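Structure at a glance
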Number of protein chains: 2
Amino acid sequence: MVPAMEKVRNQKVVLKDYINGFPKESDLLLESSGTVDLKLPQGSNGVLVKNLYLSCDPCMLCQMGKTQSRYFQSYTPGSPIIGYGRVARVVDSANSNFKEGELVWAGVAEWEEYSIITAPETLFKIQNTDVPLSYYAGILGLTGLTAYVGFYELCAPKKGEYVFVSAASGAVGQLVGQFAKQSGCYVVGSAGTKEKIELLKNKFGFDEAFNYKEEKDLDATLQRYFPNGIDIYFDNVGGKMLEAAIFNMNLNGRIACSGMVSQYSLEQGDGVRNLLCLVTKRLRMQGFITGDHFDLYPKYIEMVIPLIQQGKICYVEDIVEGLESAPAALMRLFSGRNVGKQVVVVARA
Amino acid sequence: MVPAMEKVRNQKVVLKDYINGFPKESDLLLESSGTVDLKLPQGSNGVLVKNLYLSCDPCMLCQMGKTQSRYFQSYTPGSPIIGYGRVARVVDSANSNFKEGELVWAGVAEWEEYSIITAPETLFKIQNTDVPLSYYAGILGLTGLTAYVGFYELCAPKKGEYVFVSAASGAVGQLVGQFAKQSGCYVVGSAGTKEKIELLKNKFGFDEAFNYKEEKDLDATLQRYFPNGIDIYFDNVGGKMLEAAIFNMNLNGRIACSGMVSQYSLEQGDGVRNLLCLVTKRLRMQGFITGDHFDLYPKYIEMVIPLIQQGKICYVEDIVEGLESAPAALMRLFSGRNVGKQVVVVARA
C-alpha cells in the first residue's frame, strides 16, 4: 500500500509577463493555489527543502524583461522567479549527503515556500549557527563571496591603496568597504540617500562617502574625493559612474565589475566613452559571476566568521516578513529604498 | 687646447602647433637648420646615436593634439615629435656599456638624424644581424613585443580557441594573427582595404578576414565569422568594433587593449554601451603599454628569431626613404594607406 502523502500549500512568486522598462510590484503575482508533497517520490535523488530566507538581488531586474536577453536569461512568465540566495531546511532527502532537519544554503533560489532541489551538489550545509541564519542569504552566502572574490581575488589590494565602491551601502558594497579598511586601504563609497551616506561613514567605517544624486559632474566629484587617484574600483553600477571612475584611475588600476545596476532597466546601455584610458593607464576590467568561484568559499568563511564574531565587520540587513511581502521588497531594492541587504523571511523554522 | 668639434646637420621633424581633429602633413615641419657635435661634451654620461630607422606608430596621432591630453602626453610644438621605435648606431659614448659603432634599438625615438640619449639604459644592443636591421624598429622591437605581451601574456591562448584581431594587417595585428596560428587557434582579422584582406588570408595565414568598411552591422558580421563566439579579442581599434566584439565574446573571454586607433582623432570617444557583458560573460579587458614589459623581451626574442629564420613568421614592412618623407609616411599610417609596418629610413649606416 502506498502511504498517504502529506500535501501542504506551496506559495510562489511568479512573473506575470515580460516587462518593458522599470518593473512595478504588480508585475509579480503571489500564486497561492499550488501544493507540494512533503515526501519525495520514490526513485528521486533530490532534496526537498523548506525555504526560510530568500535574498533579493539587483540583477533580478534584468531577468524580468526580454530586452536584456543578451545579458541575462529571462524568467519564464508563470514560473517562480529566481533569486541568488536561500537559506532552507531539509524536509525530505533522497540523497545520502543530506538528512531531514539539516540547514542548507544555496546561491540560486526559486521564490516559493518549498523547493525540490534536483542538483543537491548546489546546496551548502550550514555548519556555524552562532550567527543569524539569515546571514547565509547574504554575508555568508553569495553576497559575501561576491565581495570577497571581487575585492581580494580580482583586485589584489595593497595596503595604502585608494579604493572606490559604488552602491556602497548595498549588500556587497558595505562588505567591500569594510574589507578595504581591513586591508589598510583608503575607501570612499557612493550611495543615493543621506541616510545611506551616514551609514557608510558612521557604521561601516568608510573614510568618505557621497550622494551621487547630489553631484552634477561625477568626474569632478571623484577628482575631489581622490586627489591621488583611484587604484581599485569595485563597480556595482556601471554607466556614467564607471566612466567617471575610469578617468580617475591610477596607472595599473583594477576594476572589478560585479554588477551594473544603473544599466539594468535600460533598453540600450549608457556608452562608456573613455575606454582608451584602459590602454594609457594599463587598466584591467574584470567581470565575474560569483557562482564560478565556490571553490573559494571555505577560504572566505575562514576569514569572515572570526571578523563577524569579533565585531570587526558589521552587516546591515533590511528584512521583510512573509513571501507575500517579497514583491514589494524587490521593488524597494530596485528603487534603492532598502538600507542594507534586502532579505525576505519566508519562514522562521 | 680644446679639440675642434665636428658639427653636422641634424634635421628634425617638429610639430608646428597643436592640431584639432585629424592631422595633415603640413602640420609637421622638417627643420633643417640645426646641427649636432659628433663628440659628446666632457662630463656627459650619455650616448650620441645616429638614427637609422624610425618606427611610425598610430598613437602618435593622439600626441599631436591637446584634446586627447587625458590619454596621451602631447608633443611640444617646435620640438621633434617622438615615435616608438628606433634603430641607431652609436657615434660617441660616454657610457662604458656602449661603444662607437655598435648598433642599438630603443622603444622611444625623437624624429631627428642624431639623438643624445641621456638614459642609456633605455637602449638595447642589437646582437643578431642575420635579419634586416629595420626589423628592430618593428617585429624585433616594441611592435613585436606588443603582439607578444598582449597575446601570450595577457590572453593566455589555448589551442583551438577563436581569436579576433582588428587592424590585422598593421604592424602588431599581422604578428598577433600569426602567433595565434602558431598556437593552434582559429583567427579572423579585420582591415580596411581589399588589398589588406588578401594579404591577411594569403600571406599571413589568417583563417578569414573581412573589410570592416564594407560591413553595415559589425555585430552581425562577427556573428557570421564566429558562429562559436570569440575567446580572445586583440583590440587595436576600440569604439564600435570593440562593442561588436564584446557582444560576440564567449564566457571567460579575454580582450587585450593594445590601442584604439578609431578613437585617436575624436574629441569624445565612441561610447561602448554593452559593458554589462563583462559581468555576465566574465570577460577580462586589459590595457597595456609595452614599455612596462621589457623584462619579457629576451623570452620573446628567443621565441621569434627562430620563427623568422625558419620562415614560419612573415613580416611586411612599408618603408620610405629619408627623414624628409617621414611626415608623409606618418599620414599614410594615420589614414590606413600603409601596408604592413610603416618605417622611415633615416640613414642606411
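Residues numbered from 1 in each chain as written. Chains lettered and ligands numbered in written order. Predicted model: local features only at pLDDT ≥ 70, side-chain atom pairs only at ≥ 80, totals over all residues. Heavy atoms only, no water.

Going by what an unreviewed UniProt entry lists, chain A is known as Enoyl reductase (ER) domain-containing protein and is assigned to Lactuca sativa.

**Details of unusual backbone geometry**
All names here are of chain B. Basically, it comes down to this: Starting at the N terminus, helices and strands are each numbered in turn, a helix being any DSSP run of H or I of at least four residues and a strand any DSSP run of E of at least two. Partly exposed describes any residue whose relative accessible area lies between the buried limit of under 20% and the exposed limit of over 50%, with all areas from a 1.4 Å probe on protein chains only and scaled to the type maximum.
The phi torsion at Ala-156 lies on the positive side, around 40 degrees, for a residue other than glycine. For Ala-156, the position within the fold is in the loop between helix H1 (142-155) and strand E12 (162-165). According to the relative accessible area criterion, Ala-156 is partly exposed, its value standing at 43%. We note that Ala-167 has phi near 45 degrees; this positive angle belongs to a residue other than glycine. Counting through the fold element by element, Ala-167 comes out in the loop between E12 and helix H2 (171-182). A residue is classified by how much of its surface remains accessible, and Ala-167, at 29% relative accessible area, is partly exposed.

**Considering the packing of helix H1 (residues 142-155) of chain A against helix H2 (residues 171-182) of chain A**
Residues and elements named next belong to chain A. To keep things clear, this is the line we draw: Axis lines are fitted to C-alpha atoms, over the contacting stretch for helices. Their N-to-C directions set the angle, which ranges from 0 to 180 degrees. Under this scheme an angle from 65 to 115 degrees is roughly perpendicular, one under 35 degrees roughly parallel, and one over 145 degrees roughly antiparallel; angles in between are oblique. Handedness of a crossing is defined here by the sense of rotation of the near helix relative to the far one, left-handed for an anticlockwise turn of less than a right angle and right-handed for a clockwise turn. Contacts: residue pairs with any heavy atoms within 4.5 Å of one another. Three classes are used, and their members are as follows: Ala, Val, Leu, Ile, Met, Phe, Trp, Tyr, Cys and Pro are nonpolar, Asp, Glu, Lys and Arg are charged, and the others, Gly among them, are polar.
It is at 9 Å that the axes of H1 and H2 come closest, and there the two elements cross at 45 degrees. Taken together, the axis directions place H1 and H2 in an arrangement best described as oblique. The interaxial crossing formed by H1 with H2 has right-handed handedness. Along the contact surface, H1 presents Thr-143, Gly-144, Thr-146, Ala-147, Tyr-148, Phe-151 and Tyr-152, while H2 presents Ala-171, Val-172, Leu-175, Val-176, Phe-179, Ala-180 and Gln-182. For the contact of H1 with H2, the residue count by class is 10 nonpolar, four polar and no charged.

**Some details on the domain arrangement of chain A**
Residues and elements named next belong to chain A. The following threshold applies: Each domain span listed reflects an automatic or database assignment of domains. In short, buried area is how much 1.4 Å probe accessible area vanishes from two parts on joining, totalled over both. Whenever two N or O atoms come within 3.5 Å, that pair is a polar contact, provided that in protein one can donate a hydrogen and the other can accept it, and provided that, for residues adjacent in sequence, both atoms are side-chain atoms.
On domain assignment, one finds that chain A holds domain 1 (7-139 + 316-345) and domain 2 (142-291). On a C-alpha basis, the centroid separation for the pair domain 1 and domain 2 is 28 Å. Taken together, the contact pairs 21 residues of domain 1 with 17 residues of domain 2. Approximately 1,600 Å² of surface area, both sides summed, lies buried where domain 1 meets domain 2, with 62% of it carried by carbon and sulfur atoms. Counting the surface domain 1 buries against domain 2, the share from its top three residues, Ile-139, Val-316 and Val-339, is 28%. Linking domain 1 to domain 2 there are six residue pairs in polar contact (both at pLDDT 80 or more). Residues that form the side of domain 1 that touches domain 2 fall into these classes: 12 nonpolar, eight polar and one charged.

**Describing the relation of the copies chain A and chain B**
Our working definition: The copies were overlaid by least squares, fitting only the C-alpha atoms of residues that reach a pLDDT of 70 or more in each copy.
It takes a turn of 180 degrees to lay chain A on chain B, together with a shift of 0.0 Å along the axis; the resulting RMSD is 0.0 Å. The operation mapping one copy onto its partner corresponds to a two-fold rotation axis. Considering only C-alpha atoms, the residue of chain A closest to the rotation axis is Gly-271 of chain A, which sits at 1.8 Å. Both copies share a contact surface, since 100% of the interface residues of chain A are interface residues in chain B too.

**Focus on the packing of aromatic side chains**
Rules: Only centres within 6.5 Å qualify two rings of Phe, Tyr or Trp (six-membered ring in Trp) as a pair; their planes then separate them into stacked at under 30 degrees, edge-to-face at over 60, and tilted for everything else.
With the rule as written, the count across this model stands at 38 aromatic pairs over all chains. For the pair Phe-247 of chain A and Tyr-71 of chain B, a centre-to-centre distance of 6.2 Å together with 45 degrees between the ring planes defines the contact as tilted. In this pair, Phe-247 of chain A sits in helix H5 (residues 239-247) while Tyr-71 of chain B sits in the loop between strand E5 (47-55) and strand E6 (82-83), so the two residues belong to two different chains. As far as the burial class goes, Phe-247 of chain A and Tyr-71 of chain B line up, both buried. An angle of 70 degrees between the planes, with centres 6.3 Å apart, marks the rings of Phe-179 of chain B and Tyr-300 of chain B as edge-to-face.

**Remarks on the environment of Val-165 of chain A**
All names here are of chain A. Its location among the elements puts Val-165 in strand E12 (residues 162-165). Judged by relative accessible area, Val-165 falls into the buried class, the value being 0%. A C-alpha to C-alpha distance of 4.8 Å links Val-165 and Gly-189, two positions 24 residues apart in sequence. With sequence-adjacent residues up to four places away left out, Val-165 is seen in contact with Gly-173, Val-176, Gly-177, Val-187, Val-188, Gly-189, Ser-190, Phe-206, Phe-234 and Asn-236.

**Considerations on helix H8 (residues 326-334) of chain B**
All names here are of chain B. The element H8 is extensively covered by neighbouring structure, given that seven of its nine residues are classed as buried. Turning to H8, its buried residues are Ala-326, Pro-327, Ala-329, Leu-330, Met-331, Leu-333 and Phe-334. Lining the buried residues of H8 we find strand E2 (12-15), strand E3 (28-31), strand E18 (317-321) and strand E19 (341-345). After H8 finishes, the residue Gly-336 shows a positive phi value of roughly 75 degrees.

**As for the interface of chain A and chain B**
Selection criterion: The salt bridge definition used is simple: a Lys or Arg side-chain nitrogen within 4 Å of an Asp or Glu carboxyl oxygen.
Counting residues at the interface gives 35 residues for chain A and 36 residues for chain B. Here chain A packs against chain B, burying approximately 3,200 Å² in sum over the two surfaces, 61% of which is carbon and sulfur. Broken down residue by residue, the surface that chain A buries against chain B is led by Arg-70, Tyr-71 and Leu-276 of chain A, which jointly contribute 23%. Between the two partners, chain A and chain B, sit four salt bridges. For Arg-70 of chain A, the salt bridge is made with Asp-219 of chain B, and the minimal N-O distance between the two is 2.6 Å. Taken together, the links from chain A to chain B amount to eight residue pairs in polar contact (both at pLDDT 80 or more).

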